[in-house]
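Read off the chains here:
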Amino acid sequence: MPSLESNSSQRSVWRLILERATANAGLKLILTIVGVAVFLPIYLGIQRINADTDYHTLPLWFIDTAIPFDPSWVWIYVSQYVIIPAVPLVAWKREQLWRLISALAIVSFIGFAIFLIYPVACPRPSAEVIEQANPNFLFRWIIAVDTTGNAFPSLHMGLAGVAAFLAPRVFDEAYGRRLRIVMIAFVWVWTMLILYSIVATRQHYFADGVAGLALAYIGHRIAWWSADRKTKEQLN
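So, a few notes on the structure that sits alongside this text. (Residues numbered from 1 in each chain as written. Predicted model: local features only at pLDDT ≥ 70, side-chain atom pairs only at ≥ 80, totals over all residues. Heavy atoms only, no water.)

1. Some remarks on the packing of aromatic side chains
Then, in step 1: Counted by the stated rule, this structure contains 13 aromatic pairs.
Then, in step 2: Taking the centre distance of 4.5 Å and the plane angle of 50° together, the rings of Trp73 and Tyr196 count as tilted. Taken together, the positions of Trp73 in the loop between helix H3 (62-66) and helix H4 (74-78) and Tyr196 in helix H10 (residues 177-200) put the pair 123 residues apart, joining distant regions of the chain.
Then, in step 3: Judged by its relative accessible area of 23%, Trp73 falls in the partly exposed class.
Then, in step 4: The exposure class of Tyr196 is partly exposed, given its relative accessible area of 29%.
Then, in step 5: A network of ring pairs unites the aromatic residues Phe39, Tyr43, Phe109, Phe112 and Phe115 as a single cluster.
Then, in step 6: Positioned above the aromatic ring of Trp92 is the side chain of Arg20, whose terminal nitrogen or guanidinium carbon lies 3.5 Å from the ring centre.
Then, in step 7: Over the ring of Trp224 we find Arg169, and its NZ or CZ is 4.1 Å from the ring centre. (Phe/Tyr/Trp six-rings, centres within 6.5 Å; stacked < 30°, edge-to-face > 60°. Helix = DSSP H or I, 4+ residues; strand = E, 2+ residues; numbered from the N terminus. Buried < 20%, exposed > 50% of the residue type's maximum accessible area, 1.4 Å probe, protein only. Lys NZ or Arg CZ within 6 Å of the ring centre and 35° of its normal.)

2. Let's talk about unusual backbone geometry
Then, in step 1: In the segment running from Phe152 into Pro153, the intervening peptide bond is cis, with an omega of -5°.
Then, in step 2: Despite not being glycine, Asn150 shows a phi value in the positive range, around 55°.
Then, in step 3: Within the fold, Asn150 resides in the loop between helix H8 (137-145) and helix H9 (155-170).

3. Focus on the nonpolar core
Then, in step 1: One finds Ile83, Val87 and Phe171 to be the most contacted residues of the largest nonpolar core, which totals 56 residues.
Then, in step 2: Among the elements that take part in this core, H9 stands out by supplying 10 residues, more than any other.
Then, in step 3: If you look at the next biggest cluster of nonpolar residues, it comprises 6 residues, including Leu58, Val120, Tyr205 and Ala207. (Core = buried A, V, L, I, M, F, W, Y, C linked by side-chain atoms within 4.5 Å.)

4. What about the environment of Thr191?
Then, in step 1: The residue Thr191 is located in helix H10 in this model.
Then, in step 2: On the basis of relative accessible area, Thr191 is assigned to the buried category, the value being 0%.
Then, in step 3: Between the C-alpha atom of Thr191 and that of Ile83, which follows or precedes it by 108 residues, the distance is 8.2 Å.
Then, in step 4: Excluding residues that lie within four positions of it along the chain, Thr191 makes contacts with Ile83, Met157, Ala160, Ala164 and Leu213. (Contact = heavy atoms within 4.5 Å.)

5. So, a nonpolar patch on the surface
Then, in step 1: Residues Ile30, Val34, Val38 and Phe109 make up a contiguous nonpolar surface patch of roughly 360 Å² in combined accessible area.
Then, in step 2: Looking at the nonpolar patch, the element that brings in the most residues is helix H2 (residues 25-49), giving 3 residues.
Then, in step 3: Its place among the elements puts Val34 in helix H2. (Patch = residues over 30% accessible without salt bridge, like charges linked within 9 Å, V, L, I, M, F, W, Y side chains within 5 Å. Areas by Shrake-Rupley, 256 points an atom, 1.4 Å probe, with all protein chains shown as cover. Salt bridge = Lys/Arg side-chain N within 4 Å of Asp/Glu carboxyl O.)

Below is the structure:
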């Protein structure tokens, strides 16, 4: 039977999560709406611009062929749309939110530029191979609305990576050392599953995912450079 101390600790954690999730709620909502409203038209517009382009392809890495085509991984694939807002949801400082938006913007616009300069198509299987895999309705819908372009770098991984790099900053010492480690590990395991899913669904090459994560790291470091520098100076 759980002890009173254990129950009290659990309640305090949930209270902390609730307090932080509701902090700056209006700003979180506005930034989410504006972010989507800016991102989607540009992303889809680039697909239209590149519609008649001869896309480049990338060499297959060993892991591209080692991971079998499995459209059922589409559920993990679309969970990217959950992890991106889920981690920032527990950010409680305006600075965290503005720096997050800065990182997302850096990743997105670098990605957009590469899409235009060097458009790469994903290694999507033929219609016959897809039908043999008996895909579910969600996968069918994804490939119907999403072209094979805008593959490199993977903004799917880039934007999810920004959320993952933010995790150690929002899951701080207030959660306790053990829970903090668990929460950060959970976010990164989730991110790695998304990386697997973009290859399993053949929405991306593995190299796309690696490039997306590298871009996420760059965007995160640039967005937090001044804050990290100030913290380092204070410690010294």
